[in-house]
Amino acid sequence: MAWIRQLPSNLWAATVRLPKGSDPDRVTETHRLKGAITKWAADLEADIRRGDWIDPRAGKKTVGECWEQWGTKSRRLEQASRRRDESHWRVHVAPRWAGVPVGSILKPDVTAWVVEMESTHRASCRKRDACPGCKPAVGAATIEGAVGVLRAILDLAVEAKLRRDNPARGVRKPKRNAHVDRVLEPSEEQQLVDALDRMFPGRLDAGLFVALIADTGLRWEEAAAIPPQLIDTRKNRVQIAWVMERDGTARPYAKSAAGNRAVTYGEHLAPRMKGAKIAAREVAGVFPNDDPGRLVFTSEKGDQLRYSNWHRRVWTPALRGLPERPMVKGHAYRPAIAGASLADPQPTPHDLRHTYGTGLADQGVPVHDIMALMGHEDLRSAQRYLHSREERFERARAARRRTRAAGS
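Cut-offs used in this document
- Residues numbered from 1 in each chain as written.
- Predicted model: local features only at pLDDT ≥ 70, side-chain atom pairs only at ≥ 80, totals over all residues.
- Heavy atoms only, no water.
- Helix = DSSP H or I, 4+ residues; strand = E, 2+ residues; numbered from the N terminus.
- Rg over C-alpha atoms; globule rule 2.2 N^0.38 Å.
- Buried < 20%, exposed > 50% of the residue type's maximum accessible area, 1.4 Å probe, protein only.
- Areas by Shrake-Rupley, 256 points an atom, 1.4 Å probe, with all protein chains shown as cover.
- Lys, Arg positive; Asp, Glu negative; His and termini not counted.
- Charge placed at Lys NZ, Arg CZ, Asp CG, Glu CD.
- 1 Å grid on protein atoms, 1.4 Å probe; cavity = no way out; pocket = protein on both sides within 12 Å on 5 of 7 lines; lining within 4 Å.
- Points joined across faces, edges and corners; volume = space filled by probe spheres on them.
- Nonpolar A, V, L, I, M, F, W, Y, C, P; charged D, E, K, R; others polar.
- Core = buried A, V, L, I, M, F, W, Y, C linked by side-chain atoms within 4.5 Å.
- Contact = heavy atoms within 4.5 Å.
- Polar contact = N/O pair within 3.5 Å; in protein donor to acceptor, adjacent residues only side chain to side chain.
- Phe/Tyr/Trp six-rings, centres within 6.5 Å; stacked < 30°, edge-to-face > 60°.
- Axes fitted to C-alpha atoms, helices over the stretch in contact; angles between N-to-C directions.
- Parallel < 35°, antiparallel > 145°, perpendicular 65-115°, else oblique.
- Salt bridge = Lys/Arg side-chain N within 4 Å of Asp/Glu carboxyl O.
- Pairing = 2+ DSSP bridges.

A. Region of interest: the overall build of the protein chain. Looking only at helices and strands, the protein chain features 14 helices and 10 strands. Taken over the C-alpha trace, the protein chain has a radius of gyration of 30 Å; the compact-globule value for 408 residues is 22 Å, which it surpasses by more than 25%. With respect to the three principal axes, the spread of C-alpha positions in the protein chain is 95 × 75 × 55 Å. The burial tally for the protein chain puts 41% of its 408 residues in the buried class. Looking at the protein chain as shown, the accessible area adds up to about 23,500 Å², and 52% of this sits on carbon and sulfur atoms. Of the charged side chains in the protein chain, 70 are positive and 50 negative, and the gap between their average positions amounts to 4 Å.

Listed below in structure tokens is the structure:
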């Protein structure tokens, strides 16, 4: 029960005992009106009973201190996600928030930070009308990731009762450019594979690698981490049990429990897959304890595949072609090589997977089979494939023609 009394100064004072373990163990407030001080004491006691009381001094802990204490330890993240968050913290979050007390952050402060990252001018720029841009704007995906790191830190601060709410929640962020799913026709798939075989003859990480992804719906990182012992050449099946991280190391199990699955490839790939299994190379530092130690798909030099390098050196040239290379020191003359010459928009490697799922749905494969083959746990992930290509639009046009005919 609060101790309420009138002081010699005619002010009213209320003292409330704080939860056990608090230092100090009580807090006192004064006001000229007895009703106001009584309400303050009653509200504080109610918060303490509900467990909602926040010690104002706790909010003096800085965002940087919270990151050091919890940021990399109190959240279960995959290795790639942890490295991504550490990069966002180092480059974008720490310079603005590391020394700021968590209790002093307001939602308008976070919104202003987002606007500043979007801007092409520094906060100190005083000639924005004439300045062509004194800094590069931060991309929408990076802003989303940076705000996500700050939001996660403040969520942990709320759980630790350093503040009552999270001002980083609900902040409006710039929208990413929507990716247009590109569904390749069978002829386009063949054009792409032919271009890869023509440009990179004999390389397993080119034509065969892309053909396998297109024929099985594998994710790029799943295909890049296939050891030879998980290929059954009698049944034309591949067991998916490893995923290649962006840093060139493989982790066991796939993206989800459903991702740990078997996929099947067609007879047209069987001879090449047998040869690839036999030609699998030893690669050090990829698997834990170097076990199993061999990979079916490696780079030209025999190293593990890394997505950024592979995309730049194999995928992009296959789409755009290679320009003429004059004879220079260390390199012989090479004529220009044409690419696949596909129509815009140019596909991404993930579009091969989307094309695979769409093809299954077009041919009437049940959705639960699509989920099992593609490693989806969520029905919504598989529902995106439940549409046809031109057939959907032709049915819509036919329906409209029938509607107009009935009304005439």
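B. Inspection of the layout of surface pockets at higher detail. The space that makes up the second largest pocket amounts to roughly 400 Å³. Lining the second largest pocket are 19 residues, and of these Glu189, Ala211, Ala214, Asp215 and His268 lie nearest its centre. For the lining of the second largest pocket, the secondary-structure elements that each account for two or more residues are α6 (186–199), α7 (204–216) and α11 (349–362). For the lining of the second largest pocket, the element with the highest residue contribution is α6, accounting for 6 residues. Tallied by class, the residues present in the lining of the second largest pocket amount to 8 nonpolar, 5 polar and 6 charged.

C. Spotlight on the nonpolar core. Formed by 49 residues in total, the largest nonpolar core has its most connected members in Leu192 and Phe209. Counting residues per element, the ones that place at least two in this core are α6, α7, α8 (220–223), β6 (242–244), α9 (270–278) and α10 (307–320). When residues in this core are grouped by element, the largest group, 8 residues, is from α7. Discounting chain neighbours no more than four positions away, the residues touching Phe209 are Leu204, Trp220, Ala223, Ala224, Phe297, Leu305 and Trp310. Grouped together as the second largest cluster of nonpolar side chains are 28 residues, Trp70, Trp113, Leu154 and Leu162 included.

D. Structural context of the side chain of Arg182. Mapped onto the elements of the fold, Arg182 is located in the loop between α5 (140–159) and α6. Separated by 2.7 Å, the side chain of Arg182 and the backbone oxygen of Ala343 make a polar contact.

E. Quick look at the environment of Ala36. Along the chain, Ala36 turns up in helix α1 (residues 34–50). For the pair formed by Ala36 and Glu65, sequence separation is 29 residues and the distance between their alpha carbons is 36 Å.

F. A look at the packing of aromatic side chains. Scanning all chains against the criterion turns up 9 aromatic pairs. The interplanar angle of 70 degrees and the centroid separation of 5.1 Å between the aromatic rings of Phe209 and Phe297 together place this pair among those described as edge-to-face. One end of the pair, Phe209, is in helix α7; the other, Phe297, is in the loop between β10 (294–295) and α10, with 88 residues separating them in the sequence. Each member of the pair, Phe209 as well as Phe297, is classed as buried.

G. Structural detail: the packing of α6 against α7. Following both chains from N to C, one finds α6 and α7 inclined at 160 degrees, their axes separated by 7 Å at the closest point. As the angle between them shows, α6 and α7 are arranged roughly antiparallel. Residues Glu189, Leu192, Val193, Leu196 and Asp197 of α6 form the contact with α7, whose own contacting residues are Ala206, Gly207, Leu208, Val210, Ala211 and Ala214. Here the residues of the contact of α6 with α7 sort into 8 nonpolar, 1 polar and 2 charged.

H. Molecular detail of the pattern of salt bridges. Inspection of every chain in the model, using the stated rule, returns 13 salt bridges. Between Asp247 and Arg83 there is a salt bridge, with the nearest N and O atoms lying 3.2 Å from each other. In this pair, Asp247 sits in the loop between β6 and β7 (250–252) while Arg83 sits in helix α3 (residues 79–97), placing the two residues 164 residues apart along the sequence. Residue Asp247 is classed as partly exposed on the basis of its relative accessible area of 26%. A salt bridge links Glu222 to Arg261, with the nearest nitrogen and oxygen atoms 3.0 Å apart. One end of the pair, Glu222, is in helix α8; the other, Arg261, is in the loop between β7 and β8 (262–264), and 39 residues separate them in sequence. Take Glu222 and Arg261: they sit in the same class, and that class is buried. Through salt bridges with shared partners, one network takes in Arg203, Asp205 and Glu300.

I. Highlighting the sheet that holds strand β3 (residues 26–31). Strand order in the open sheet formed by 3 strands is β1-β2-β3, with antiparallel pairing between adjacent strands. Here the strands that pair on one side only, and so sit at the sheet edges, are β1 (3–6) and β3. Ignoring which end each strand starts from, the neighbouring axes of this sheet average 20 degrees apart. With 6 bridges connecting them, strand β2 (residues 12–17) and β3 associate as antiparallel partners. Looking across to β3, one finds that Val16 is bridged to Val27. Where α1 meets the sheet, its contacts fall on β1, β2 and β3, and the angle it forms with β2 comes to roughly 10 degrees.

J. Representation of the environment of Ile105 in the model. Residue placement: Ile105 occurs in the loop between α3 and α4 (107–118). Taking the C-alpha atoms as reference points, Ile105 and Pro167, 62 residues apart in sequence, are found 6.9 Å from one another. Look past the residues within four positions of Ile105 in its chain and what remains in contact with it is Val63, Trp97, Val100, Val110, Leu154, Arg163 and Pro167.

Function cannot be inferred from these measures alone, as they are strictly geometric.
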